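# Tertiary structure, described
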Amino acid sequence: AHAIRYTAFFIASIHTRQKRQLAQQDFSLVAEVHAACAGLKSFCTWEAANGIEECRRCCGGAGYLKSSGLPTLYATYVSACTYEGDNVVLLQQTVRFLFKQCAVGLASQPLEGSTISFLSDIHTYQNQHCMAKFPADLLQEDCLLSILGHVAVRLAHELYTRFQALQESGISYGEAWNMLTPRMLPVARAYTFYLLVSNFFKASRSIQGSRVEHIVVLLAQLFATKHLMDTSTELLEDGFCTPHHISWLKENFESLLEKIRPQAVPLTDAFNLSDRLLNSTIGRADGDVYTAIMESTRREPLNKSEIVPGYTEYIQPLITRFQSRM
């Protein structure tokens, strides 16, 4: 959530710059802003929806209760994956932009945009290897971004090359595009998470000297490490990383969790969400969870009587009829 928030600040700034340029008939930022927003909308809504469901599961039976607010929140939010542009369709637009920039990079022409700096390695990435020599190296911003950038440029270049090869073999543009659609999600994901992580670290530098700088850095490291662990096969496919690097990522993940765990509540409270907004028995500011759950249970209409409505009329006759046959 913090990574998304900090990246939203970046998108707001680049959108403001785009509006100034549009007023001067300069359309150079339009394609990049659209591609970045399309990718971020897709993966941020997916992450949010998955995060709500994971939170519900972590809360056990209390999370399953409607009074927890989580079922309602999930049912309300999951639709964001479809409205304002279906996520899968939007990701294809992000990939289309990356294909165009791959063509520019392969022609050794200047790249059009600040969010695709990783494509400057399109001629050399195949000879590169992870710079990490020790586990601590995999916590450094430059090392993490180099890994994310390498995956992004490799996946984009490989898919673009395959797309061109299909067309050269006589397959039409549309057919080739449809054939490769299943492989587009990892390409767009790599680009999008490069944006999220780079802006997360950029935010930590903007608050240097503050009391929360160290916490934001830890959170950025945790976010990047978790993503790299989840997509570890992409790090190993071309030999950029070794199994030792993956083991180090897991070690770092355990260490980061231990350091960040004491800050979990303050990091959540930092969003300053009111009890009225959350409308949750288990997400209360006073922490009096079980009293709130019991009070909510007492207000439940089905609990107003010892015997629920319909039992005497429908269920009890069935039980009596079954028992008479025994």
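In the block above lies the structure referred to throughout.
Each chain carries its own residue numbering, running from 1 in the written order of its sequence. Whole-chain, interface and lining totals are the exception, using all residues; otherwise, since this is a predicted model, local features are given only for residues with pLDDT of at least 70 and side-chain atom pairs are given and counted only at 80 or more. No hydrogens and no water enter the side-chain calculation; it runs on all heavy atoms of the structure.

### What about the overall build of the chain?
Each helix is a run of H or I in the DSSP string that is no shorter than four residues. Each strand is a run of E no shorter than two, and both are numbered from the N terminus. When helices and strands are counted, the chain shows 15 helices and zero strands. Overall size of the chain, expressed as C-alpha extent along the three principal axes, is 85 × 55 × 50 Å. Each residue is assigned to one of three classes by its accessible area relative to the maximum for its type, calculated with a 1.4 Å probe on protein chains only: buried under 20%, partly exposed between the two thresholds, exposed over 50%. Residue burial in the chain is summarised as follows: out of 326 residues, 39% are buried. In the chain, once contacts between residues fewer than 6 apart in sequence are set aside, the share between residues at least 24 apart is 66%. With an accessible surface of roughly 19,100 Å², the chain has 57% of that area assigned to carbon and sulfur atoms. Averaging the locations of the 29 positively and 31 negatively charged side chains of the chain gives two centres separated by 5 Å. The contact criterion used is simple: two residues touch if any of their non-hydrogen atoms lie within 4.5 Å. Only the protein chains shown count as cover for residues, with accessible areas throughout obtained via the Shrake-Rupley method and a probe of 1.4 Å. When charges are counted, Lys and Arg contribute as positive and Asp and Glu as negative, whereas His and the chain ends are disregarded. Lys charges are placed at NZ, Arg charges at CZ, Asp charges at CG and Glu charges at CD.

### Details of the packing of aromatic side chains
Aromatic ring pairs are defined here through the distance separating the ring centres and the angle between the ring planes. What counts as a ring pair is set by centres within 6.5 Å for rings of Phe, Tyr and Trp (its six-membered ring), and what kind of pair is set by the plane angle: stacked under 30 degrees, edge-to-face over 60, tilted for all other angles. Applying the stated rule across the entire model yields 14 aromatic pairs. For the pair Tyr173 and Trp177, a centre-to-centre distance of 6.2 Å together with 10° between the ring planes defines the contact as stacked. In this pair, Tyr173 and Trp177 both sit in helix 7 (residues 173-180), four residues apart, roughly one turn of the helix. The buried category is assigned to Trp177, whose relative accessible area is 5%. Feature note: the residues Tyr6, Phe9, Phe43, Trp46, Phe193, Phe200 and Phe223 constitute an aromatic cluster, connected by ring pairs. Put simply, a charge is over a ring when the Lys NZ or the Arg CZ is close to the ring centre, within 6 Å, and near the line of the ring normal, within 35 degrees. Here the basic side chain of Arg96 rests over the ring of Trp177, its NZ or CZ set 4.2 Å away from the ring centre.

### Considering the nonpolar core
Side-chain atoms within 4.5 Å link the members of a nonpolar core, which is a set of buried Ala, Val, Leu, Ile, Met, Phe, Trp, Tyr and Cys residues. In terms of nonpolar packing, the biggest core is built from 73 residues, with Val95, Phe118, Cys130, Leu138, Ile147, Tyr191 and Leu235 touching the most fellow members. The leading source of residues in this core is helix 6 (residues 141-168), at 14 residues. Once residues within four sequence positions are removed from consideration, Leu138 is found in contact with Cys130, Ala132, Cys143, Leu144, Ile147, His245, Trp248, Leu249 and Asn252.

### Things to note about unusual backbone geometry
With a phi angle near 60°, Glu84 is a residue other than glycine that sits in the positive phi range. The topology assignment puts Glu84 in the loop between helix 4 (70-77) and helix 5 (87-106).

### Considerations on a nonpolar patch on the surface
Surface patches are defined over residues having more than 30% relative accessible area and no salt bridge, joining like charges when they lie within 9 Å and nonpolar side chains (Val, Leu, Ile, Met, Phe, Trp, Tyr) when within 5 Å. Just to be clear on terms, a salt bridge is a Lys or Arg side-chain nitrogen sitting within 4 Å of an Asp or Glu carboxyl oxygen. Nonpolar side chains collect at one region of the surface, where Leu22, Phe27 and Val30 lie side by side and expose about 240 Å² of accessible area between them. Its place among the elements puts Leu22 in helix 1 (residues 2-23). Assessed through its relative accessible area of 31%, Leu22 is described here as partly exposed.

### A word on the pattern of salt bridges
If you walk through the whole model with that rule in mind, you get 11 salt bridges. Of the charged contacts in the structure, one is a salt bridge between Arg154 and Glu237, with a shortest N-O distance of 2.9 Å. Separated by 83 residues along the polypeptide, Arg154 in helix 6 and Glu237 in the loop between helix 10 (232-236) and helix 11 (243-260) bring together distant segments of the chain. What makes Arg154 buried here is its relative accessible area of 2%. Taken together, the shared-partner salt bridges connect Arg154, Glu158, Glu237 and Asp238 into one network.

### Some words on the environment of Leu256
With respect to the helices and strands, Leu256 occurs in helix 11. Judged by relative accessible area, Leu256 falls into the buried class, the value being 2%. Distance in space between the C-alpha atoms of Leu256 and Leu91 is 31 Å, their sequence separation being 165 residues. Apart from the residues within four sequence positions on either side, Leu256 is in contact with Leu139, Leu218, Gln221, Leu222 and Thr225.

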